[in-house]
Amino acid sequence: MAVQSVQPSEGPELVQLLTPEGERVEHPDYSIDLTEDEYRELYRDLVLVRRIDTEATALQRQGELGLWASLLGQEAAQVGAGRALTGGDFAFPTYREHGVAYCKGVDPVTLLGLFRGVNQGGWNPHDKGFQLYTIVIGSQTLHATGYAMGLQRDGADGAVMAFFGDGASSQGDVNEAFVWSSVFQAPVVFFCQNNQWAISEPLERQSRIPLYERAKGFGFPGVRVDGNDVLAVLAVSRAALERAREGSGPTLVEAYTYRMGPHTTSDDPTRYRLAAELETWKLKDPIERMKAYLSRTGMADHDYFAEVDTAADELAAHIRAGCLALDDPDPITLFDNVYAGGSTLLDEEREQLAAYLGSFEGAH
Amino acid sequence: MAGSTLTLGKALNEGLRKALEDDPKVLIMGEDVGRLGGVFRVTDGLQKDFGEDRVIDTPLAESGIVGTAVGLAIRGFRPVCEIQFDGFVFPAFDQIVSQVAKMHYRSAGNVKLPITIRIPFGGGIGAVEHHSESPESYFCHTPGLKVVSCSNPVDAYWMIQQAIASDDPIVFFEPKRRYWDKAEVDPSAGAPRSLWDAEVVRAGSEVTLLTYGPSVKVCLEAAAAAETEGRDIEVVDLRSLSPIDWKTVIASVRKTQHAIVVSEAPVYASLASEIAARISEKCFYELESPVLRVCGFSTPYPTSRIEEDYLPDLDRILDAVDRSLAF
Ligand SMILES: Cc1ncc(C[n+]2csc(CCOP(=O)(O)OP(=O)(O)O)c2C)c(N)n1
Ligand SMILES: [Mg+2]
């Protein structure tokens, strides 16, 4: 019962403003017009975000992190979406949205606690409009929808962006989020990074139609964008967020991209996919095409690229130092924050553990 | 076939292979169970040998995995569902407790659902949240489900086959941090005992440790350590968590007159609580001390850097042994 792919890898429906070779092209529905500084900044974002990822991967290999979920290859999808978000917008990420976090102003060190095993996220989502990472696949799409319904009821200006993957598109929660947001015209953008894989399962295991086409059946528009083209992702995301803000309801954005690394540092992709596939996608690298564009147009030169690399080195050093400074928590804190109002049960268990731990003191 | 040394994970793999060979109606379904062979490689090679119709990589939806297993079972198949990690069973919770558990009852016995739901469970592997939980009490609390857990490769090999052969739905908990433990498994020897029997894995006279899954090894280590201090501890591997082999449990506790239940699950309103209550009822006159529970605290599973303080370990078990005997 072989499943055939019905998804053309690229086609007329794919919104693209920058080709893999770094040439600007026009699209009938989406356009972008940035200042030279803004183009350069996007390149800088892409490079810095990749550097966050490579440094974290290195930290995992050296035993400083228990696990890391790499975003390698998805930088343009995340920077394009992240830079489309404005101050009043709220993001609901999975576990891979390090680039979105960066764009929202979250210090990358903040993300490392979960992967180092010293906390379970622990940041305040309200600080930067960036919810905790969600590991249970799909749950956050409903949270995003509910938050958007709240914005609606408060008469607030912002919109919400819900991040999820191609695999997640099969979950009941995601489909319920589509129903809810559509029925209530909630100001939410569903941003699906279709990186072609859900661990070892290819896209065809989740859908026989292109994912963006699913939106139609739920009653809102869907659009497929070249997820490795930061300009197109920015343009499409801005339009979708604008649509949400003006009260026209949800949009599904399918960012067509590729997970260039393993699923996480625990995964071995050689067991289920061919190296040739990665080689094809390397030719569509999101950073290379932006660099080619900047060079070709003369918007940036060698000095600028060198300056960005230096900034990346500095960021990497900051991440490393910050990671090493994340100490193990005191065991007694495992009772903290289980409840907002405390609990007599936990007070008792805390006392028991304290007495038990205390019984070893002096024994050494 | 002569015996060979297998890891617990490989023993499960061999048991699943045997089940697929023995009964053409057995199916395996779950996320990444096919080409990848599962994230713990428990289904490694099975899709290659039995085909995509029998070893099914499903879409990413646990409710879908269990819900479609119900339909397949109604049609006469014996689905073996893999839930990738303990913390991801909850999207399927509704299907399991409202549908799987009750179908036989509601149909007046006309519909059997011989579904096995495999769940790698428990902590101690340094994982991120949702990957180290012990949710067995929810399922033990649900009438209509049977719940078992293996603790070693020999049981893994036989119990998975017995579970698949059972006409009742079974939630099968696999101790994930023991997947790499090794033992000699001899398929020609025949199943050493029924799926529903507890096993006295170490005989002793002074205290009974009642445990299952990943904690069996910890209890055996605690008993060995206590022996050097002259203590004689009995360890019972429950194996079946619902129903429980009360005969074996009660015989042991009547003998030792001291009982301690050891489990990683949060202690409050847990399976360990049920065991303690039952023993108090059945062994009231023999008990020399209250039944103690050495379990996880009543908190979410903590972050990995302090999980050792959460999990019942040798010291906490021995501390309970001292308290029980000093009572
Ligand atoms: C409910 C649930 N089931 C299973 C898992 C295990 N798991 C983690 S990531 C993943 C694949 C996700 O694929 P996709 O949605 O495409 O996101 P990607 O990892 O590719 O970014 C799976 C099955 C989980 N985290 N949550
Ligand atoms: Mg994916």
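Because the structure is predicted, anything quoted here is derived from the model rather than measured. (Residues numbered from 1 in each chain as written. Chains lettered and ligands numbered in written order. Predicted model: local features only at pLDDT ≥ 70, side-chain atom pairs only at ≥ 80, totals over all residues. Heavy atoms only, no water.)

### Focus on helix α13 (residues 344-358) of chain A
Helix length check: α13(A) (15 residues) gives 21 Å between terminal C-alpha atoms against 21 Å at 1.5 Å per residue, within 8%. Restricting attention to buried positions, one finds in α13(A) the residues L346(A), E349(A), L353(A) and Y356(A). Angularly, the buried residues of α13(A) cover 85° about the axis, an arc narrow enough to put them on a single face. Exposed and facing more than 90 degrees away from the buried side of α13(A) are T344(A), E351(A) and A355(A). Those residues of α13(A) hidden inside the fold are in contact with α12 (314-326) of chain B. Put simply, S343(A) is the residue that caps the front of α13(A), since its side-chain oxygen is 3.2 Å from the backbone nitrogen of L345(A). (Helix = DSSP H or I, 4+ residues; strand = E, 2+ residues; numbered from the N terminus. Expected span 1.5 Å × (residues − 1). Buried < 20%, exposed > 50% of the residue type's maximum accessible area, 1.4 Å probe, protein only. Arc of directions from axis to C-beta. Contact = heavy atoms within 4.5 Å. Polar contact = N/O pair within 3.5 Å; in protein donor to acceptor, adjacent residues only side chain to side chain.)

### Section: the environment of A144(A)
Residue and element names in this part refer to chain A. With respect to the element layout, A144 can be found in helix α6 (residues 139-154). Take A144: its relative accessible area is 0%, and that puts it in the buried class. Once the C-alpha coordinates of A144 and S181 are considered, the two residues, 37 residues apart in sequence, prove to be 9.3 Å apart. Residues within four places of A144 in sequence aside, it is in contact with F92, V160, A162 and V188.

### A short note on the domain arrangement of chain B
All names here are of chain B. When cut into domains, chain B gives domain 1 (4-189) and domain 2 (199-326). When each unit is reduced to the centre of its C-alpha atoms, the spacing between domain 1 and domain 2 is 26 Å. Taken together, the 27 residues of domain 1 in the interface contact 23 residues of domain 2. Of the roughly 1,900 Å² buried where domain 1 meets domain 2, counting both sides, 50% is carbon and sulfur surface. Between domain 1 and domain 2 we count three salt bridges in total. Scanning the region where domain 1 abuts domain 2 turns up 14 residue pairs in polar contact (both at pLDDT 80 or more). Mapped by element, the contributors of at least two residues to the side of domain 1 that touches domain 2 are α6 (136-140), β6 (146-149) and α7 (153-165). Take the side of domain 1 that touches domain 2: its biggest share by element is four residues, from β6. Its residues assigned to classes, the side of domain 1 that touches domain 2 comprises 10 nonpolar, 10 polar and seven charged. (Domains from an automatic or database assignment. Buried area = accessible area lost by both parts, 1.4 Å probe. Salt bridge = Lys/Arg side-chain N within 4 Å of Asp/Glu carboxyl O. Nonpolar A, V, L, I, M, F, W, Y, C, P; charged D, E, K, R; others polar.)

### What about the site of ligand 1?
Neighbouring ligand 1 are 21 residues; Y95(A), R96(A), I135(A), G167(A) and E62(B) lie closest to it. Residues lining ligand 1 come from chains A and B. Between ligand 1 and H263(A) there is a distance of 3.4 Å, counted from an oxygen atom to a side-chain nitrogen or oxygen. The separation between a nitrogen atom of ligand 1 and a polar side-chain atom of E62(B) is 2.5 Å. Out of a free accessible area of 580 Å², ligand 1 has 96% covered by protein chains. Taken together, the residues that form the shell around ligand 1 break down as 11 nonpolar, six polar and four charged. (Near = heavy atom within 4 Å. Areas by Shrake-Rupley, 256 points an atom, 1.4 Å probe, with all protein chains shown as cover.)

### Examining the domain arrangement of chain A
Assigned domains of chain A: these are domain 1 (4-324) and domain 2 (333-359). Distance between the C-alpha centres of domain 1 of chain A and domain 2 of chain A: 39 Å.

### Observations concerning the coordination of the magnesium ion (ligand 2)
Residues and elements named next belong to chain A. Here the magnesium ion (ligand 2) is held by D166 (OD), N195 (OD1) and W197 (O), and the distances to it run 2.1 to 2.2 Å. Mapped onto the sequence, the donors of the magnesium ion (ligand 2) take the spacing D-x28-N-x1-W. Pair noted here: D166 is in the loop between β3 (160-165) and α7 (172-184) and W197 is in strand β5 (residues 197-198), with a separation of 31 residues, a long-range link. (Donors = N, O, S within 2.8 Å, 3.2 Å for Na, K, Ca; no water.)

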